[in-house]
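Read off the chains here:
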Amino acid sequence: MKFRAKIIDVGCLNHFTRVVNTISKLTKTCILRLTPDNLYFVLSGKISSGGVSMWCELSQANFFDEYQLEGVAPDANEICLEVTPENLSRALRTVQNAKCVKIKLTKKHCPCLTFAAELPTLSSISRVVTHDIPVDVIPRRLWQDFKEPKMPDFDVGIYLPPLKTMKNVVDRMKNLSNFLVMEANLNGEMNLKIETDLVSVTTHFKDLGNPPWGGDGSQGRSQSRDPELMAHTRVDIRKLQQFLMGQQVNPSKAMCNIVHKRIIHLILLHEDVSLQYFIPAVA
Amino acid sequence: MNCVVTGGNVKVLAKAIHSLSRIGDELYLEPQEGGLALRSVNSSRSAYACFLFSPLFFSRYTSPCGQAFRCKMSIKCVQAVFRSLSSLEKTVEKCHIELDGDKSRLTFTLHCKHGLLKTHNLSFQDSESLLAVFDKDSCSNVLRAQPRLLVDTVLHFPPALEEVTLSVSGERVWFRNHLEDEPEQSKAMLTELCLSSDEFDHFAIGAQSSITFCLKELRGLLVFAESTGLPISVHFDQPGSPVVLSVTDSVLEVNFVLATLSDDSNLRNHNNNSTKRAQSPPPPDDFMNDDIDSYLIAMETSDLAGPPDAVAPRQQTSSRTPTTQPPVADHRRESEEEEEEEEDTERPPNKKFRSLFFGSVCPNDSQLTNQTMKSQEVLASDSEDDTQSGCP
C-alpha cells in the first residue's frame, strides 16, 4: 500500500484547498478513498451524523502533477482511509504560497498522511514544513459501506438559485424554525418554507430550469409528472445551512433532486469536482 | 518617578504592556537609575518577562532618588490605559507617567489631539523585587532572527497548541509541536518546520540540543518584536534550563525567560513519538529526494492492530542520553512518578517545567544570596528528590 502525490501549480493547490475546506465544514470525519484516477471524500449516512451522506469526487489528474498509488492488492488497487478533514484543511492553509506540496502515506507513530511543503525563503535553502496527519486505514471488508450512492429515483430535479442567495434566505429562516420544507416542480419553481405556530414564511424562486436527465432511467418517476405538481421534503435546517455555509467550490452548476417526503440530493459541479450531499427527510 | 513618553514610543510602551499581559496577571514596576523596568511573571513561575526602558527612551525621566521603590498592580488596569492600539497611534501625542508615593497613586496622563487629556489613576501595592536569575551569555546556543521569520514559523502551529519543541543541530533548526502523554495523542496532528541557518541573522550552536517551551509567551513577545521590527535572540542550553528570548535596542532591553521541559519528560514524550523523529532529526534533504522507494512506506493493514512497540526504543534512548540512572532504574522511577501524579491532584499542571529562577540556572550560590527564594522549586517540584529519599 503506497501513495504519493505532488502539487506544484499554485492554482491547483488553491483549488484543492478550497475543496478540502468545503468538506471540513460539512463533516468532522470522513473517508478518503484513493484510486488510480480519482480521490473521493465519502460520508455514508450513519445515524450518528444525522443521516446525511456525502460523495465528493475529484479527478486526480486535474490537481496533481504527480500521483502514484499502489493499492492494498492487485485486484483492489485502492486505499481507503478515515481522515479528519479539518486537519487536512489546516495543513493546506499554512502552505498556500508553497513552491511544492507533497502528500504521502507514511507510517510514523501511526499511519499518517504526511503533507510536506517547500516554502520559499530569501535564502537559497527552502523552508520545509511537514504535517503528519493521523489516519485510520479502513480494512477491505468494510469498503462496501463507502460505495458511490445510487442516484435516487427522484420526483423532481431542479437547478438551484445562486447559493449565496439561498444561504441568506436559509440563515434568516433558521432563526425562526429548526425545520425547513424544500419543494419544487418540473416547471422550474422552487419554494423554501418554514412553518411554526406563529409564523409561516415562504420564499419563492421561479424560472430555475430543470436539468435534462437524459435516458439513464433514474428519472422514471419524474417523466409522467404534472409539471405544476410540487414534490416536497422536510429537512433539518441546520444540515442545509451547513451545506450552504461551507461551500467554497463556486460551482458552475448547482442542482437539487427531491424524492417526495424522503430525501433531498444536492449536487455541485465544478469542472473536475463533483460534490453530492444527501439530506434525509424528517417527519 | 516622573516620566514622559512621546510620539511612536507611546505605542512601543503600549505593545510592551500587551506583551506582558500574556505572561502574568500583575505588572511589577520598578523605576531605577538605569531606566524603568516593567516585569511580569506567571502564576506557576515558569515564565518571566522584563522590559527595561532606558532613560533615553523617555523625553523626560526622573527616577526616585534615595531608596529603591517597587510596586505591583493588576496588569489589566494598565492595559486599560492603552486599550486601543490603533487609536492610540493616531490620537495620543504624549504619555505622562507619574508616581506619587505619598498618595500611593500611579498616574498615566494621555495627552491626545485637540488638547484632550485622559488621566488614569491606578492604585498599587508595594512589592518585593522581581528578578529572574539567568545568564544568557553563558548559553551555548544563540539564534537571532527577524521577527517575521518566527511569526511565519509560529503560524504553522494551531492556536491551541501549548508547547513547541525547538531543536538545533548542524546548520538546521527544527520546530515541532510538543504533545503531552495522552491517550488521544495518536490522533493528534504533528507539525514540523525545518529552517536553514541561512535564515537567521546569527546562528551559533555550541551543542546539539532540543528544548520544549510554551508557545504563548513566545507569541506575546512576537507581538512586540513585530511591531518594533527588532530582531529576537534566542539563548538556550540543555532541556530543563531556561530559554531566554531577548530583544535589544539602544533604548530598551527585553528579556523573556521561559522554563523548558526537563529531560526525563522530554524523553518520555519522545518515546511515545516515533523514536527516529525525536532523537535524530530527519535527514535534511528528505524533501528534495525524489526517489519514490526511499520514502514510500509500505504498510500492511494487519500490522496496524497492535500498539507500537515502545520497549525497545525506550532502552535505546536511555542509553543514548547522558543519564546517571541505569535504564531499569529509570523505568521504575518514571512509573513511580506517574503514580504520584495521579495521587497528588493538588499539584498545579502536571508538566515537568523546572522552575526558572531558583537555582536551575546559576549553580553559583554566591550570586544568589540576595534572592529571597533561592532554591525553591516552584512548579511541579522535581520528583527525583522525593523518590530518591522515599525509596528504600
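As the structure is a computational prediction, the values presented were derived from the model and not from experiment.

### Topic: the nonpolar core
Point 1. Leu-113 and Met-182 of chain A together with Phe-82 of chain B are the most contacted members of the largest nonpolar core, which totals 154 residues.
Point 2. Setting aside anything within four residues of it in sequence, one finds Leu-113 of chain A in contact with Phe-3, Leu-32, Leu-81, Val-83, Leu-88, Ile-103, Lys-104, Leu-105, His-131, Asp-132, Ile-133 and Val-135 of chain A.
Point 3. Counting nine residues, the second-largest nonpolar core is a separate cluster that includes Val-42, Ile-138, Trp-143 and Phe-146 of chain A.

### Considering the environment of Lys-187 of chain B
Point 1. Along the chain, Lys-187 of chain B falls in the loop between β13 (172–177) and β14 (190–196).
Point 2. Apart from the residues lying within four places of it in its own chain, the contact partners of Lys-187 of chain B are Asn-87, Pro-134, Val-135 and Asp-136 of chain A.

### So, the pattern of salt bridges
Point 1. Tallied over the full model, the rule gives 20 salt bridges over all chains.
Point 2. Here Glu-78 of chain A makes a salt bridge to Arg-33 of chain A, at a shortest N to O gap of 3.0 Å. You can see Glu-78 of chain A sitting in the loop between β5 (66–70) and β6 (79–83) and its partner Arg-33 of chain A sitting in strand β2 (residues 30–34), a full 45 residues away along the chain.
Point 3. The partner of Glu-253 of chain B in a salt bridge is Lys-136 of chain B, and the shortest N-O contact between them spans 3.5 Å. In this pair, Glu-253 of chain B is assigned in strand β19 (residues 252–258) and Lys-136 of chain B in the loop between β10 (125–126) and β11 (141–145), connecting sequence segments 117 residues apart.
Point 4. By relative accessible area, Lys-136 of chain B is classed as buried at 14%.
Point 5. Within this structure, Arg-127 of chain A together with Arg-148, Asp-152, Glu-199 and Glu-226 of chain B form a network of salt bridges that share partners.

### Quick word on the packing of aromatic side chains
Residues and elements named next belong to chain B.
Point 1. All chains considered together, the criterion is met by 16 aromatic pairs over all chains.
Point 2. Both rings, one in Phe-53 and one in Phe-58, keep their centres 6.5 Å apart while their planes meet at 75°; by these two values the pair is edge-to-face. Exposure class is identical for Phe-53 and Phe-58. Each is buried.
Point 3. Ring plane angle 25° and centroid distance 5.1 Å describe the contact between Phe-58 and Tyr-61, whose orientation is recorded as stacked. Each member of the pair, Phe-58 together with Tyr-61, is buried.

### Concerning the sheet that holds strand β2 (residues 26–32) of chain B
Residue and element names in this part refer to chain B.
Point 1. Here we have ten strands laid out as an open sheet, ordered β10-β6-β2-β3-β4-β19-β18-β17-β11-β15, and antiparallel in their pairing. Bordering the open sheet on either side are β10 and β15 (202–205), each of which pairs with just one other strand.
Point 2. Summarising the sheet, strand β17 (residues 232–236) and strand β18 (residues 243–248) pair through three bridges and their orientation is antiparallel. By the bridge assignment, Val-234 is partnered in β18 with Leu-245.

### Describing the packing of helix α1 (residues 8–21) of chain B against helix α5 (residues 215–228) of chain B
Angle between the axes and distance between the axes are the two parameters that describe a pair of packed helices.
Residues and elements named next belong to chain B.
Point 1. Between α1 and α5, the least distance of the axes is 8 Å, while the angle of their chain directions is 165°. Taken together, the axes of α1 and α5 are roughly antiparallel relative to one another. Regarding α1 and α5, the two cross each other, and that crossing is right-handed. Residues Val-12, Lys-15, Ala-16 and Ser-19 of α1 form the contact with α5, whose participating residues are Gly-220, Leu-221, Val-223, Phe-224, Ser-227 and Thr-228.
Point 2. Across the contact of α1 with α5, the residue classes break down as five nonpolar, four polar and one charged.

### Concerning the environment of Val-247 of chain B
Residue and element names in this part refer to chain B.
Point 1. The residue Val-247 is located in strand β18 in this model.
Point 2. The exposure class of Val-247 is buried, given its relative accessible area of 0%.
Point 3. With 25 residues separating them in the primary sequence, Val-247 and Leu-222 have C-alpha atoms 9.9 Å apart.
Point 4. What Val-247 contacts, discounting residues up to four positions off in sequence, is Leu-221, Phe-224, Ala-225, Leu-230, Pro-231, Ile-232, Leu-252, Glu-253 and Val-254.

### Topic: α5 of chain B
All names here are of chain B.
Point 1. With 14 residues, α5 extends 20 Å from end C-alpha to end C-alpha; this agrees with the ideal 20 Å at 1.5 Å per step.
Point 2. By the burial criterion, the buried members of α5 are Leu-215, Glu-217, Leu-218, Arg-219, Gly-220, Leu-221, Leu-222, Phe-224 and Ala-225.
Point 3. Within two residues after α5, Gly-229 carries a phi angle of roughly 70°, on the positive side.

### Digging into the domain arrangement of chain A
How big an interface is tends to be stated in terms of accessible area lost as the parts join.
Residue and element names in this part refer to chain A.
Point 1. Taken domain by domain, chain A consists of domain 1 (2–146) and domain 2 (156–267).
Point 2. Between domain 1 and domain 2, the contact holds eight residues from the first and seven residues from the second.
Point 3. For domain 1, the biggest contributors to the area lost against domain 2 are Thr-22, Lys-25 and Leu-26; these three give 56% of the whole.
Point 4. Seen at the junction of domain 1 and domain 2, the total is zero salt bridges.
Point 5. Linking domain 1 to domain 2 there are zero residue pairs in polar contact (both at pLDDT 80 or more).

### Points about the sheet that holds strand β16 (residues 253–259) of chain A
The strands making up a sheet are joined through hydrogen bonds of the backbone, oriented either antiparallel or parallel.
Residues and elements named next belong to chain A.
Point 1. Strand order across the open sheet formed by nine strands is β10-β6-β2-β3-β4-β18-β17-β16-β11, with antiparallel pairing between neighbours. Each edge of the sheet is formed by a strand with only one pairing partner; in this case those strands are β10 (136–137) and β11 (156–159).
Point 2. Note that strand β17 (residues 263–270) and strand β18 (residues 273–280) share eight bridges and pair antiparallel. For Ile-264, the partnering residue across the bridge sits in β18 and is Ile-279.

### Some thoughts on the side chain of Glu-183 of chain A
Point 1. Relative to the helices and strands, Glu-183 of chain A resides in strand β12 (residues 179–184).
Point 2. In this structure Glu-183 of chain A touches Glu-189, Met-190, Asn-191, Lys-193, Met-230, Ala-231, His-232 and Ile-258 of chain A, once residues within four positions along its chain are discounted.

### A look at the pairing of strand β9 (residues 127–134) of chain A
Point 1. Most of β9 of chain A sits inside the fold, with eight of its eight residues counted as buried.
Point 2. Here β9 of chain A shows two buried faces, one formed by Arg-127, Val-129, His-131 and Ile-133 of chain A and the other by Val-128, Thr-130, Asp-132 and Pro-134 of chain A.
Point 3. Here strand β8 (residues 111–119) of chain A runs beside β9 of chain A; their pairing, made up of eight bridges, is antiparallel. Directly across from Leu-119 of chain A, in β9 of chain A, lies its bridge partner Arg-127 of chain A.
Point 4. Bridge count for β9 of chain A against β14 of chain B is five bridges, and the pairing is antiparallel. Paired with Val-129 of chain A across the two strands is Leu-193 of chain B, which belongs to β14 of chain B.

Calculation criteria
Residues numbered from 1 in each chain as written. Chains lettered and ligands numbered in written order. Predicted model: local features only at pLDDT ≥ 70, side-chain atom pairs only at ≥ 80, totals over all residues. Heavy atoms only, no water. Core = buried A, V, L, I, M, F, W, Y, C linked by side-chain atoms within 4.5 Å. Buried < 20%, exposed > 50% of the residue type's maximum accessible area, 1.4 Å probe, protein only. Contact = heavy atoms within 4.5 Å. Helix = DSSP H or I, 4+ residues; strand = E, 2+ residues; numbered from the N terminus. Salt bridge = Lys/Arg side-chain N within 4 Å of Asp/Glu carboxyl O. Phe/Tyr/Trp six-rings, centres within 6.5 Å; stacked < 30°, edge-to-face > 60°. Pairing = 2+ DSSP bridges. Axes fitted to C-alpha atoms, helices over the stretch in contact; angles between N-to-C directions. Parallel < 35°, antiparallel > 145°, perpendicular 65-115°, else oblique. Left-handed = near helix turned anticlockwise from the far one by under 90°. Nonpolar A, V, L, I, M, F, W, Y, C, P; charged D, E, K, R; others polar. Expected span 1.5 Å × (residues − 1). Domains from an automatic or database assignment. Buried area = accessible area lost by both parts, 1.4 Å probe. Polar contact = N/O pair within 3.5 Å; in protein donor to acceptor, adjacent residues only side chain to side chain.

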